[in-house]
Amino acid sequence: MPRHIAIIMDGNGRWAYAKGLERTAGHRQGLQAARNTVATCHANGIKYLTLFAFSTDNWRRPDSEIKVLLDLLTDGLRNNLKDLQDNNVRIRFIGDLSSFPRRLRTALDHFEASTVDNDGIYLQIALNYSGRWDIVEAVHRLADMGHNMSMVTEAQLSEQLATADLPDPDLFIRTSGELRLSNFMLWQTAYAEMFFTETLWPDFSDADLNAALEAYARRERRFGGIEKIAQKMG
């Protein structure tokens, strides 16, 4: 089993269009898929789960859709906070949260504080996040700390990323048939196993997650080394 799974939840809009619905209907169904995925990961003993909920590029969408996305997130968390507590879920948000209204930031702070002592599954939600932003912010922090930037190591930069206290993702999943990282956790996914599925996110089920876990289990993670069979052959 992977310790850490990172997911790009893609395809909400296409799911809605295929059913003759507004895009917002896809986001609502996508929230249910996210809730189910958290529960299934927890049941499978996955310790860390990161969901890409809102990228820096999503600001290009219509204001009405952005509002629905953010309202769904906060209302969904608020309405399910007791369940999250009962299931020992810890929540953390990463990204440039300063761009959001104060009311939303206050709500996010409340969710984090309310679950900070939980130690079941660690649910990390990326909001207004991009991998490039994360790396640039880490560089800025190192410079502000007075580091000689010509001598900075990979370990030092990793320690300043938004995910510094979590292990890097072992398994990266993207739904809807797209085959891109889309600026998500670029540094952290350097050695992640990739799994792409045609399933649109609102339809993502336990069967889809199990398919990803089974594919992961069949792979041999060498991190630049040689295959075990090659070692046996000398």
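Structure: above.
Residues numbered from 1 in each chain as written. Predicted model: local features only at pLDDT ≥ 70, side-chain atom pairs only at ≥ 80, totals over all residues. Heavy atoms only, no water.

1. Examining the packing of helix α3 (residues 63-79) against helix α5 (residues 102-115)
Stated precisely, the cut-off is as follows: Here an angle of 0 to 180 degrees is reported between the N-to-C directions of two axes, which are lines fitted to C-alpha atoms, with helices fitted over the stretch in contact. Under the scheme used here, helices are H or I runs from DSSP no shorter than 4 residues and strands are E runs no shorter than 2 residues, and both carry numbers assigned from the N terminus. Note: crossing handedness is left-handed where the near helix turns anticlockwise from the far helix by less than a right angle, and right-handed where it turns clockwise. In this description, contact between two residues means that some pair of their heavy atoms is separated by no more than 4.5 Å. Residue polarity is assigned by list, with Asp, Glu, Lys and Arg as charged and Ala, Val, Leu, Ile, Met, Phe, Trp, Tyr, Cys and Pro as nonpolar; anything else, Gly included, falls into the polar class.
Packing of α3 against α5 brings their axes to within 11 Å, and their N-to-C directions diverge by 30°. The two elements α3 and α5 meet at a crossing, and its hand is left-handed. Along the contact surface, α3 presents Leu70, Thr74, Leu77 and Arg78, while α5 presents Leu104, Ala107 and Phe111. Considered class by class, the residues forming the contact of α3 with α5 number 5 nonpolar, 1 polar and 1 charged.

2. Observations concerning the side chain of Thr50
Test applied: Exposure is judged per residue with a 1.4 Å probe applied to protein chains only, and the accessible area is read against the type maximum: over 50% gives exposed, under 20% gives buried, and values in between give partly exposed. Within 3.5 Å is the distance limit for a polar contact, defined as a pair of N or O atoms, with the added protein rule that one can donate a hydrogen and the other accept it, and that residues adjacent in sequence qualify only through two side-chain atoms.
By the element assignment, Thr50 lies in strand β2 (residues 48-55). By relative accessible area, which is 0% here, Thr50 ends up buried. Within the structure, Thr50 has its side chain in polar contact with the side chain of His4 (distance 2.8 Å). Of the polar contacts made by the side chain of Thr50, one reaches the side chain of Gln124; its length is 2.9 Å. Excluding its chain neighbours within four sequence positions, the residues that come into contact with Thr50 are His4, Ile5, Ala6, Ile7, Gln124, Phe184 and Met185.

3. A short note on the side chain of Asn58
Tracing the backbone through its elements, the reader meets Asn58 in the loop between β2 and α3. Residue Asn58 is classed as buried on the basis of its relative accessible area of 12%. Engagement of the side chain of Asn58 in a polar contact is seen with the backbone nitrogen of Ser55, the distance being 2.8 Å. Not counting the four nearest positions on each side in its chain, Asn58 is found in contact with Ala53 and Ile66.

4. Some points on the packing of aromatic side chains
Worth spelling out the cut-off: In this scheme Phe, Tyr and Trp rings, the latter by its six-membered ring, pair at centre separations within 6.5 Å, and the angle between planes marks the pair as stacked below 30 degrees, edge-to-face above 60, and tilted otherwise.
Taken as a whole, this structure holds 11 aromatic pairs when the rule is applied. Ring geometry for Tyr48 against Tyr122: centres 5.9 Å apart, planes inclined by 45°, an arrangement best described as tilted. You can see Tyr48 sitting in strand β2 and its partner Tyr122 sitting in strand β4 (residues 121-129), a full 74 residues away along the chain. Here the aromatic rings of Phe52 and Tyr129 are separated by 6.1 Å at their centres, their planes lie at 85°, and the arrangement is edge-to-face. You can see Phe52 sitting in strand β2 and its partner Tyr129 sitting in strand β4, a full 77 residues away along the chain. When sorted by exposure, Phe52 lands in the same class as Tyr129, which is buried. Through successive ring pairs, a cluster of aromatic residues spans Phe52, Tyr129, Trp133, Phe172, Phe184 and Phe196.

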